[in-house]
Amino acid sequence: TSSSILRRTSEASSWPSCSLPLPFTPWSLAYESPLRRTLPGRGGVRMLAAPRKKLPERRVTVLCNKCGQRLYRYAKGNGAGSQLVKVYLERIVEDYTDGQLSCPSCGTEFARPATIHGRPANKIISGKVKMK
């Protein structure tokens, strides 16, 4: 075992001096990019799409389901007929809650803070809001 340790240390010293991590692999560069994320426990790299620069054209009003108070004016990306599951903070056009995740009039908590695809968002609690 002592000979294998000597062999390993002598091999390690034979690496050329450079600024790249040793041993260098093409995957070691993946940790630098904000659009690449590592898969936990799998050792692989998954590419994430960059968010679009232009907001979607469709605007919806998000209301409290209990009292009807306006919460957000939101630029919704996929059809207005589908349920609202998450609200990306960058797509909120008007915020009537002053950044709080509870209704200003009745105090009902309607969302939880989250990070989805590397972007800050609010996860909507099912049944707490409605869209108009």
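Residues numbered from 1 in each chain as written. Predicted model: local features only at pLDDT ≥ 70, side-chain atom pairs only at ≥ 80, totals over all residues. Heavy atoms only, no water.

Structural notes on the overall build of the chain
Regarding its fold elements, the chain presents one helix and nine strands. Within the span of the chain, comprising 132 residues, buried residues form 24% of the whole. Partitioning the contacts of the chain with sequence separation of at least 6, the portion at a separation of at least 24 is 39%. If you sum the accessible surface of the chain, you get close to 9600 Å²; carbon and sulfur atoms cover 52% of it. (Helix = DSSP H or I, 4+ residues; strand = E, 2+ residues; numbered from the N terminus. Buried < 20%, exposed > 50% of the residue type's maximum accessible area, 1.4 Å probe, protein only. Contact = heavy atoms within 4.5 Å. Areas by Shrake-Rupley, 256 points an atom, 1.4 Å probe, with all protein chains shown as cover.)

Some words on the sheet that holds strand β8 (residues 119-124)
One key point about sheets: their strands pair by backbone hydrogen bonds, in either a parallel or an antiparallel sense. Here we have three strands laid out as an open sheet, ordered β5-β8-β7, and antiparallel in their pairing. A single partner strand is all that each edge strand has here, and the edge strands are β5 (86-88) and β7 (111-116). With strand direction ignored, the average angle separating the axes of adjacent strands in the sheet is 35°. In this structure, β5 lies alongside β8, joined through three bridges in antiparallel fashion. Within β8, the position partnered with Val 87 by the bridge is Asn 122. (Pairing = 2+ DSSP bridges. Axes fitted to C-alpha atoms, helices over the stretch in contact; angles between N-to-C directions.)

Details of the pairing of strand β4 (residues 70-75)
Relative to β4, strand β3 (residues 59-64) runs antiparallel, the two being bridged by five bridges. Paired with Val 62 across the strands is Tyr 72, a residue of β4. Following β3, the chain reverses through five residues before pairing antiparallel with β4; Gly 68 in that reversal takes a positive phi of roughly 85°. By the bridge criterion, three bridges tie β4 to strand β6 (residues 92-95) in an arrangement that is antiparallel.

Some thoughts on the layout of surface pockets
Estimates place the volume of the second largest pocket at around 180 Å³. As for the second largest pocket, its lining consists of Tyr 74, Lys 76, Gly 77, Asn 78, Gln 83, Leu 84, Val 85, Lys 86, Tyr 88 and Arg 91. Among the residues making up the lining of the second largest pocket, the classes are represented as four nonpolar, three polar and three charged. (1 Å grid on protein atoms, 1.4 Å probe; cavity = no way out; pocket = protein on both sides within 12 Å on 5 of 7 lines; lining within 4 Å. Points joined across faces, edges and corners; volume = space filled by probe spheres on them. Nonpolar A, V, L, I, M, F, W, Y, C, P; charged D, E, K, R; others polar.)

Let's talk about the nonpolar core
In terms of nonpolar packing, the biggest core is built from 18 residues, with Val 62, Leu 71, Tyr 72, Tyr 74, Val 87, Phe 110 and Ile 124 touching the most fellow members. Dropping the residues within four chain positions of it, Phe 110 is found in contact with Leu 71, Tyr 72, Thr 97, Gln 100, Leu 101, Ser 102, Cys 103, Lys 123, Ile 124, Ile 125, Lys 128 and Val 129. (Core = buried A, V, L, I, M, F, W, Y, C linked by side-chain atoms within 4.5 Å.)

Overview of the side chain of Thr 61
Considering the arrangement of structural elements, one finds Thr 61 in strand β3. A relative accessible area of 14% places Thr 61 in the buried class. Separated by 2.6 Å, the side chains of Thr 61 and Arg 73 make a polar contact. With residues up to four places along the chain from it excluded, the contact list for Thr 61 reads Arg 70, Tyr 72, Arg 73, Lys 130, Met 131 and Lys 132. (Polar contact = N/O pair within 3.5 Å; in protein donor to acceptor, adjacent residues only side chain to side chain.)

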